[in-house]
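# Coordinate analysis (summary)
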Amino acid sequence: MDFINNTLAVFPALLVAVPVVVQLALGAMVLALVLGLLIALARISSIKILRGIATFYLEVIRGTPLLVQLVYIFFVLPSIGVEIEPVPAGILGLGLNYAAYLSEVFRSAILSVEHGQTEAALSLGYTPTKTLWKVVIPQSFVVSMGPIGNYFIAMIKDTALTSVIAVTEILKTANILNSQTFQTTAIYTAAAILYLIISLPLSRVVVVLERKARSSG
Amino acid sequence: MADDTIINVRDVHKTFVSETKRPLWSRLTGRAHVQKRVEVLKGVDLTVHRGETVAILGSSGSGKSTLLRCINKLETIEAGRIYVNGHLIGYEEKDGELISEKASITAKKRTDIGMVFQQFNLFLNKTALGNVMAPLRDVKKMSATAAREIAIPTLELVGLGDKMENYPSKLSGGQKQRVAIARALAMEPSVMLFDEPTSALDPELVGEVLAVIKKIAQQGTTMVIVTHEMQFAREIADRIVVMDQGVIVEQGPPEAIFTRPQHPKTKALLSRSGMIPRESTDS
Ligand SMILES: Nc1ncnc2c1ncn2[C@@H]1O[C@H](COP(=O)(O)OP(=O)(O)OP(=O)(O)O)[C@@H](O)[C@H]1O
Ligand SMILES: [Mg+2]
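Residues numbered from 1 in each chain as written. Chains lettered and ligands numbered in written order. Predicted model: local features only at pLDDT ≥ 70, side-chain atom pairs only at ≥ 80, totals over all residues. Heavy atoms only, no water.

Bringing the overall build of chain B into the picture now. Along chain B, the regular secondary structure elements total ten helices and twelve strands. For 283 residues, the compact-globule formula gives about 19 Å, and the C-alpha radius of gyration of chain B, at 20 Å, lands near that figure. Oriented by its inertia axes, the alpha-carbon framework of chain B measures out at about 60 × 50 × 45 Å. When burial is assessed residue by residue, chain B has 52% of its 283 residues classed as buried. Charged side chains in chain B number 38 positive and 34 negative. The centres of these two groups are separated by 6 Å. (Helix = DSSP H or I, 4+ residues; strand = E, 2+ residues; numbered from the N terminus. Rg over C-alpha atoms; globule rule 2.2 N^0.38 Å. Buried < 20%, exposed > 50% of the residue type's maximum accessible area, 1.4 Å probe, protein only. Lys, Arg positive; Asp, Glu negative; His and termini not counted. Charge placed at Lys NZ, Arg CZ, Asp CG, Glu CD.)

What follows is about the site of ligand 1. Residues and elements named next belong to chain B. In the vicinity of ligand 1, the contacting residues are F16, V40, S59, S60, G61, S62, G63, K64, S65, T66, E196 and H228. Within the backbone of S62, an N or O atom sits 3.2 Å from an oxygen atom of ligand 1. At 2.6 Å from an oxygen atom of ligand 1 is found a side-chain nitrogen or oxygen belonging to S65. If you tally residues by element for the shell around ligand 1, the top one is helix 2 (residues 64–71), at three residues. For the shell around ligand 1, a count of residues per class yields two nonpolar, eight polar and two charged. (Near = heavy atom within 4 Å. Polar contact = N/O pair within 3.5 Å; in protein donor to acceptor, adjacent residues only side chain to side chain. Nonpolar A, V, L, I, M, F, W, Y, C, P; charged D, E, K, R; others polar.)

All right, on to the interface of chain A and chain B then. Each partner contributes to the interface: chain A provides 21 residues, whereas chain B provides 25 residues. Surface buried jointly by chain A and chain B totals about 1,900 Å² across both partners, of which 57% is contributed by carbon and sulfur atoms. K134(A) is paired through a salt bridge with D138(B); the nearest N and O atoms lie 3.8 Å apart. At the junction of chain A and chain B, the tally comes to five residue pairs in polar contact (both at pLDDT 80 or more). Those elements giving two or more residues to the side of chain A that touches chain B turn out to be helix 6 (115–123), helix 7 (128–158) and helix 9 (184–216) of chain A. When residues of the side of chain A that touches chain B are assigned to their parent elements, the largest contribution, seven residues, is made by helix 6 of chain A. Here the side of chain A that touches chain B is built from residues that sort into eight nonpolar, nine polar and four charged. (Contact = heavy atoms within 4.5 Å. Buried area = accessible area lost by both parts, 1.4 Å probe. Salt bridge = Lys/Arg side-chain N within 4 Å of Asp/Glu carboxyl O.)

As a further point, take the packing of aromatic side chains. What the rule picks out here adds up to five aromatic pairs over all chains. Geometrically, the ring pair formed by Y98(A) and Y151(A) is edge-to-face, given 6.1 Å between the ring centres and 85 degrees between the ring planes. Placement of the pair is Y98(A) in helix 5 (residues 86–112) and Y151(A) in helix 7, with a sequence separation of 53 residues. For Y98(A), a relative accessible area of 4% corresponds to the buried category. On the basis of an interplanar angle of 70 degrees and a centroid distance of 5.4 Å, the ring pair of F106(A) and F141(A) is categorised as edge-to-face. With F106(A) in helix 5 and F141(A) in helix 7, this pair connects stretches of sequence that are 35 residues apart. Note on F141(A): relative accessible area 33%, which makes it partly exposed. Three or more aromatic residues link up through ring pairs in this structure, and these residues are Y98(A), Y101(A) and Y151(A). Positioned above the aromatic ring of F16(B), the side-chain terminus of K14(B) is 4.7 Å from the ring centre. Between the NZ or CZ atom of R183(B) and the centre of the ring of F123(B), over which it lies, the distance is 4.5 Å. (Phe/Tyr/Trp six-rings, centres within 6.5 Å; stacked < 30°, edge-to-face > 60°. Lys NZ or Arg CZ within 6 Å of the ring centre and 35° of its normal.)

The next point concerns the sheet that holds strand 3 (residues 53–58) of chain B. All names here are of chain B. Taking strand neighbours across the sheet as the criterion, the six strands line up as 8-9-10-3-11-12 in an open arrangement whose pairing is mixed. Single-partner strands in this sheet number two, and they are strand 8 (113–116) and strand 12 (247–252). For this sheet, the mean inter-axis angle between neighbouring strands, taken without regard to orientation, is 20 degrees. The pairing of strand 9 (residues 191–195) with strand 10 (residues 223–226) spans four bridges and is classified as parallel. Bridge assignment links L193 to a residue of strand 10, and that residue is V224. This element, helix 6 (residues 173–185), spans strand 8 and strand 9 of the sheet and lies at about 175 degrees to strand 8. (Pairing = 2+ DSSP bridges. Axes fitted to C-alpha atoms, helices over the stretch in contact; angles between N-to-C directions.)

Moving on, we come to the pairing of strand 6 (residues 91–94) of chain B. In regular strands, side chains alternate between the two faces of the sheet. All names here are of chain B. Sheet analysis places strand 6 next to strand 7 (residues 97–100), joined by four bridges and oriented antiparallel. Considered in strand 7, the bridge of E93 is made with L98. Counting the residues between successive antiparallel strands, the hairpin from strand 6 to strand 7 contains two residues, one of them, D95, with a positive phi of roughly 50 degrees.

Now for the environment of G149(A). When you line up the elements, G149(A) lands in helix 7. Each C-alpha atom of the pair G149(A) and L202(A) lies 7.9 Å from the other, and the pair is 53 residues apart in sequence.

This paragraph deals with the pattern of salt bridges. What the rule picks out here adds up to 14 salt bridges over all chains. Among the ionic pairs, E101(B) bridges to K109(B), the shortest N-O distance being 2.8 Å. Both residues of the pair, E101(B) and K109(B), count as buried. Linked through salt bridges whose partners overlap, the residues forming this network are R43(A), R62(A), E104(A) and R107(A).

We now examine the nonpolar core. Within the largest apolar cluster, 52 residues are counted, with the highest numbers of intra-cluster contacts made by V10(A), L14(A), L102(A), M155(A) and I170(A). Looking at this core, the elements that each hand over two or more residues are helix 1 (2–15), helix 2 (18–44), helix 3 (48–63), helix 4 (66–76), helix 5, helix 7, helix 8 (170–181) and helix 9 of chain A. Counting residues per element, this core draws most heavily on helix 2 of chain A, which supplies twelve residues. Here V10(A) is in contact with L177(A), Q183(A), A186(A), I187(A) and A190(A), once residues within four sequence places are set aside. In this structure, V135(A), A151(B), L155(B) and L201(B) belong to the second largest nonpolar core, which totals 45 residues. (Core = buried A, V, L, I, M, F, W, Y, C linked by side-chain atoms within 4.5 Å.)

On to the packing of helix 4 of chain A against helix 5 of chain A. Residues and elements named next belong to chain A. It is the contact of helix 4 with helix 5, at a shortest axis distance of 9 Å, that shows an interaxial angle of 140 degrees. Here helix 4 is positioned oblique relative to helix 5, judged by the angle of their axes. Where helix 4 crosses over helix 5, the handedness of that crossing is right-handed. Residue-level inspection shows L66, Q69, L70, I73 and F74 of helix 4 in contact with helix 5, the latter providing P86, A89, G90, L92, G93, L94, L96, N97 and Y98. Grouping the amino acids of the contact of helix 4 with helix 5 by side-chain chemistry returns ten nonpolar, four polar and no charged. (Parallel < 35°, antiparallel > 145°, perpendicular 65-115°, else oblique. Left-handed = near helix turned anticlockwise from the far one by under 90°.)

Further remarks concern helix 6 of chain B. The end-to-end C-alpha distance of helix 6 of chain B, which contains 13 residues, comes to 18 Å, matching closely the 18 Å that a straight helix rising 1.5 Å per residue would cover. The buried fraction of helix 6 of chain B amounts to twelve of the 13 residues, a majority that puts the element mostly inside the structure. Inspection of helix 6 of chain B places G173(B), G174(B), Q175(B), Q177(B), R178(B), V179(B), A180(B), I181(B), A182(B), R183(B), A184(B) and L185(B) among the buried residues, and these make up the whole buried set. Those residues of helix 6 of chain B that are buried lie in contact with helix 6 of chain A together with strand 8, helix 4 (128–138), helix 5 (144–157), strand 9 and helix 7 (203–218) of chain B. (Expected span 1.5 Å × (residues − 1).)

Shape is all these values report; function is a separate question.
Given below as structure tokens:
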């Protein structure tokens, strides 16, 4: 039973990193939601240049690994004079990356709102802009809840990647502990369990959100 | 133009242009797309006076929906003029040319035109009450209290006083259409346009919707109804308009149209729906 005791003993040291993970995930999610909505709007816009820029952004982000993007922000940007602290760099990297994926969620949700509702709104005197913000976007948010939740959980797990840009999140903390105590099995088992403890309840919440979204539709 | 003219449609032309991809080989050797042009309205004139109920009849594809949709600029037009309450709809006129106007100006003019669609088109994320209140709040900028004071009696008028908190998914087709009618009516438009309001309904639900339309017609609301319900049109319309292939072929009081149709297309339409005995007419 040494293994279990050792694993339990590591937890307090790892828990210190949880606030960092929360900070990363929440910060990056807010950035991804705002930017993702803007990209989605650009992609359905009637202005060709906006559509072009948004599509280009999407292709670049989806065509390169998140790990490379993080490394690029943290190690390459300083060479052109842009120095960013580890945690803000992590938030920026995760946020920019997830914005691309969330924009696709928003775009398909916006397109899924029946055209008939748009026409009804116009016929009632809504301007096109007001139709978008008052009729289409509120409904697409409801449809997007489930997918957004799933991306949020994926993002929490992806915070582990920021360990390579010197963010002392869970994995980095585990690495440091390991180099000091060499209790490799106990430490990384504890780290894995900690991720599970965070993500399992969240996936239950997502299931409930998805059920809600379906029943209101 | 007489003072009581609500809708004034003058020589309106509408052509749909659709682009279809040509087959691969033709694309390699020439243009990638072919333009298909269909002239759907070929010079339509229509006048509707205050308080009048006009029913538009016509076979499928004759341009009835398109005409209705042009009246509140859900479709563009190439030529002609459409006035509602004296306002030119959707365009500015400059040196005899039509120029598209700003969307916000069109939106303002549309508040004066109510429209009821075949597919109801309710806001699915709002209750019956929420649907009726939404445009009052969002477009007319009313307070919640003021909007509710208008929405509740309007829903009661269409017989839905006990369904106000239901979402559309918890309403029957007939109830949904009555909410849609209440939503348009609550904006107090000068005219209500109905595009086949009962065509998407189960037969047993048609009656309740027609009854509501009849009720608001009797209250003096100006309305234009596209319908295939001949008997209903005959009952409530002050005037019947018959369209065929993009033009109005005949119009007049229901009694005249139904008992002494003049145009062969009118005769064909009426005999096909069993309103007049079948006789030898050209198709
Ligand atoms: N968006 C569009 N693009 C191309 N053609 C169209 C479009 N909308 C309608 N049409 C064509 O215009 C013609 C008239 O259509 P419209 O819907 O006005 O007819 P309608 O009289 O309302 O017929 P129905 O009784 O079937 O509703 C039809 O031939 C139709 O195929
Ligand atoms: Mg039609």
